[in-house]
Amino acid sequence: MEGVAVSLCTTTYAKRAADLANVNTQELQDLLDAATDMIELFCDRTFASTAYTAKQDGTGAQWIYAENAPLIDFTQVTIEDPDGTTETIAASEFRTDAETGKIWFTDDNDSSYVYFPVGFQNVQIDYTGGYSTIPSAVQRACLLVARALYAQTSGGWNAAAQSERMGEHNFTRVSANQDPLTPSARALLAPYVRQLFV
């Protein structure tokens, strides 16, 4: 399963953060792209709406799950028999749960199947999945990760310094070696981590 790499927030959105406001736009875009890659790896999904022609293993169940929910559009399923013959079945022969990506046969479908036969990569699903508009929590997480990445590359201060004294004031900085997927970012992303269904 592969989607199209699209940053989860824009440079305009990111520049609202005071510490990123003056960052060169191309550098900021690179940070957002890197943050997006980290988030999508962590969540095991592509967020931006993308068209898929995806092959999966049939399990013998009456249902199957599209890997990149939510479903925006679902067109057809093609099942390949062990003898190499295929049958393409229109979306109208199925019911779907858009949020989870679940696809299952209707009781009165006109195809040769009432279940997805066991096999290796024998079921192809043609659909569009992901988000037309990136959820605000995911945009915020992208900003937080980009900020952490920027801090690790110095961001205008000595990333190795853990504490500094300025007159009567002391402050301690988070380690530059900290995971950019901060606890706050992980909390924002938790509802979007892809669940494995069977």
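Rules of the game
- Residues numbered from 1 in each chain as written.
- Predicted model: local features only at pLDDT ≥ 70, side-chain atom pairs only at ≥ 80, totals over all residues.
- Heavy atoms only, no water.
- Pairing = 2+ DSSP bridges.
- Helix = DSSP H or I, 4+ residues; strand = E, 2+ residues; numbered from the N terminus.
- Axes fitted to C-alpha atoms, helices over the stretch in contact; angles between N-to-C directions.
- Buried < 20%, exposed > 50% of the residue type's maximum accessible area, 1.4 Å probe, protein only.
- Core = buried A, V, L, I, M, F, W, Y, C linked by side-chain atoms within 4.5 Å.
- Contact = heavy atoms within 4.5 Å.

Details of the sheet that holds strand 1 (residues 50-58)
Part 1: The four strands are arranged 1-7-3-4 in an open sheet whose pairing can be described as antiparallel. Whereas interior strands pair on both sides, the edge strands pair on one side only; in this sheet they are strand 1 and strand 4 (86-90). Taking the axes of each pair of neighbouring strands and ignoring which way they run, one obtains an average angle of 25° across the sheet.
Part 2: Bridge count between strand 3 (residues 71-80) and strand 7 (residues 119-129): seven bridges; the pairing is antiparallel. By the bridge assignment for strand 7, T78 is matched with Q124.

Re the environment of G60
Part 1: Within the fold, G60 resides in the loop between strand 1 and strand 2 (63-65).
Part 2: Given the relative accessible area of 39%, G60 is considered partly exposed.
Part 3: In the structure, G60 is positioned 57 residues away from P117 in sequence and 4.6 Å away in space, judged by C-alpha atoms.

Section: unusual backbone geometry
Part 1: Backbone torsion omega between A69 and P70 reads 0°, so that peptide bond is classified as cis.
Part 2: With respect to the helices and strands, the residue P70 is situated in the loop between strand 2 and strand 3.
Part 3: The phi torsion at Q121 lies on the positive side, around 50°, for a residue other than glycine.

Some remarks on the nonpolar core
Across soluble globular proteins, nonpolar side chains have a tendency to be buried as a group.
Part 1: With 30 residues, the main nonpolar core has L20, I39 and F47 as its most contacted residues.
Part 2: Looking at this core, the elements with two or more residues in it are helix 1 (11-14), helix 2 (25-43), helix 3 (136-152) and helix 4 (183-189).
Part 3: Examining the composition of this core, we find that ten residues originate from one element, helix 3, more than from any other.
Part 4: Apart from residues lying up to four places away in sequence, I39 is in contact with L8, F47, A141, C142, V145, L181 and L189.

Any functional reading would require information that these geometric values do not contain.
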